[in-house]
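# Structure at a glance
If you want the building blocks of each chain, they are given just below.
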Amino acid sequence: MRTKFNIIPDLNALNCITMHPNMAKRNNISARKKWFLRFGIQSLEIKLRTSSFLEENELKVSVEVIEHFRIPLNCGYEIRREMNEIILGPFIGILTASKKSSLDETVQYLSNYIYDYYHIGGAALAFSLEGINPIEKTIEGYLYNPEMKKWESGVYTYPASVFKIIYLNKDWRNHFQTVYGSRYFNSYVFNKWEMYKWLSESSEIIPYLPRTMIYNHAEDIDYLLGMYNEIFVKPVHGSMGDRIFKVSKNEINGLKLEYHQNGVPYEKQFSSIQELDSYFKDQFKRKTIILQQALDLISYDGRKIDFRIVMVKNQSGVWEDMCMVAKYGQQGSIVTNILAGGTAEIGEITIQKIFGLSDEEVYRFRKEINRIILKAADRIEECGVHCGNLGVDIAIDTSKNIWIIEMNNLNPSPLFALDINDRPLFYQIKRLNMLYAKRLAGFPEDLP
């Protein structure tokens with residue numbers, strides 16, 4: 001555990017930081033060398049002094065250096081040497097809203113990320129796109145005060161890393177890539193079709209993907225229905241089971257359409273592919289739509305079941321498989337979304353109940369799921385998307401085959417932990433998000 005330093009303003013020296021000689025020696029920092037101090041994305045040449053009159057956990061910093069960096073004085077900081085720079089931090093940004101008004105309304109809830117401030121440390125800045133001044137490289141936002149345990153508004157410099165939990169347009173993505181490179185995560189939010197294209201290029205992963213294609217013409221429906229008796233029709237952008245339709249052939253050579261709206265099941269009959277195609281064109285206008293092979297999902301008491309797996313990178317940059325949650329849909333529903341009336345259960349319990357497996361067999365089956373998900377996560381990052389957390393929806397069919405349905409990297413909700421009554425897991429997921437951001441800010445776990 002690195003020492004947490006308190007910052008003391010130095011009213012006498014210029015461009016200088018002073019530390020206890022023991023701390024300088026411990027961090028291999030010599031007063032005889034040229035040094036730069038880095039805070040956030042900025043770096044400034046400074047003089048280094050040592051003094052035995054300081055406590056070992058104190059850093060004396062010249063006032064003009066504090067003002068140049070806008071260093072908050074109520075945080076506990078760590079230091080790390082990298083080449084000829086002394087990094088002060090971590091300084092982590094949480095980009096949580098587009099509008100300042102949205103940030104104002106929600107910032108109090110972000111304290112969930114900081115509950116373990118002792119291990120995270122440094123400065124945590126919550127901000128919106130509206131608060132960014134790209135010219136001055138400053139941000140108007142809220143900085144967490146660990147002494148008062150509250151968020152305080154102000155104007156600060158750019159942080160060292162960013163945990164992004166909103167969509168960005170191309171201009172903003174270019175800006176963050178220019179400034180941060182690989183030091184911000186969940187960089188690009190991919191859609192269902194992009195996921196399928198990228199994963200299907202891997203011979204190791206394609207066996208776990210239901211057949212999927214872009215829907216352009218009525219013939220596309222006819223083609224996929226010719227291969228499978230049932231298919232799903234979905235927008236490439238969408239979540240929570242919204243606007244998902246199931247199409248199947250009925251006994252009289254017509255077509256049956258099933259969907260849910262506001263928790264209510266609906267069913268329609270169509271006499272031809274062309275008639276169904278016209279219906280979808282009216283429903284989706286010009287949005288991009290996919291057709292997907294329907295699977296024979298496991299079920300219980302007439303309730304379809306699929307699973308959400310929560311993956312989070314830790315401070316070492318390694319994926320941790322946090323949990324597998326079984327999602328039970330309503331009876332007769334084609335979707336399993338919990339907000340649409342479904343319920344949740346620990347996934348391993350569900351697997352054991354459905355298939356009658358022993359504890360050891362459940363363990364081995366769960367390890368196989370983890371192996372597949374890790375390969376898929378690695379493949380997504382090979383395609384240029386820097387992820388720090390993923391929500392992976394998988395299905396298991398009645399033959400015990402594993403299928404990857406969807407991967408979500410737009411701040412996948414940790415609320416699944418609460419759905420299975422595991423509040424400590426909820427906080428652990430958020431804690432790891434911040435520890436991974438701490439790694440990107442220059443404080444990886446494996447360095448002394």
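Look up a bit, the structure's there.
Predicted model, so just to flag it, every value in this text is computed and none were measured.

## Some remarks on the packing of aromatic side chains
Counted by the stated rule, this structure contains 26 aromatic pairs. Centroid distance Phe 270 to Tyr 279: 5.3 Å. Interplanar angle 55°. Geometry classified as tilted. We classify Phe 270 as buried; its relative accessible area is 9%. Residue classification places Tyr 279 among the buried residues on the basis of a relative accessible area of 16%. Residue placement shows Lys 400 over the ring face of Phe 355; its charged tip is 5.9 Å from the ring centre. For Lys 430, the ring lying beneath its charged end belongs to Tyr 113, and the centroid distance is 4.3 Å.

## Thoughts on the pairing of strand β7 (residues 85–89)
Burial analysis of β7 places 5 of its 5 residues in the buried class, the great majority of the element. Here strand β3 (residues 35–39) runs beside β7; their pairing, made up of 4 bridges, is parallel. In the sheet register, Phe 36 faces β7, and the bridge partner there is Glu 85. Summarising the sheet, strand β6 (residues 78–82) and β7 pair through 5 bridges and their orientation is antiparallel. Paired with Arg 80 across the two strands is Ile 87, which belongs to β7.

## Notes on the sheet that holds strand β19 (residues 289–293)
Read from one edge of the open sheet, 6 strands run β14-β19-β15-β16-β17-β18, paired in antiparallel fashion. Only two strands of the sheet have a single partner each, and these edge strands are β14 (212–214) and β18 (264–270). Direction aside, neighbouring strands of the sheet carry axes that sit 25° apart on average. The sheet contact formed by strand β15 (residues 230–235) and β19 spans 5 bridges and is antiparallel.

Thresholds, definitions, all that
Residues numbered from 1 in each chain as written. Predicted model: local features only at pLDDT ≥ 70, side-chain atom pairs only at ≥ 80, totals over all residues. Heavy atoms only, no water. Phe/Tyr/Trp six-rings, centres within 6.5 Å; stacked < 30°, edge-to-face > 60°. Buried < 20%, exposed > 50% of the residue type's maximum accessible area, 1.4 Å probe, protein only. Lys NZ or Arg CZ within 6 Å of the ring centre and 35° of its normal. Helix = DSSP H or I, 4+ residues; strand = E, 2+ residues; numbered from the N terminus. Pairing = 2+ DSSP bridges. Axes fitted to C-alpha atoms, helices over the stretch in contact; angles between N-to-C directions.

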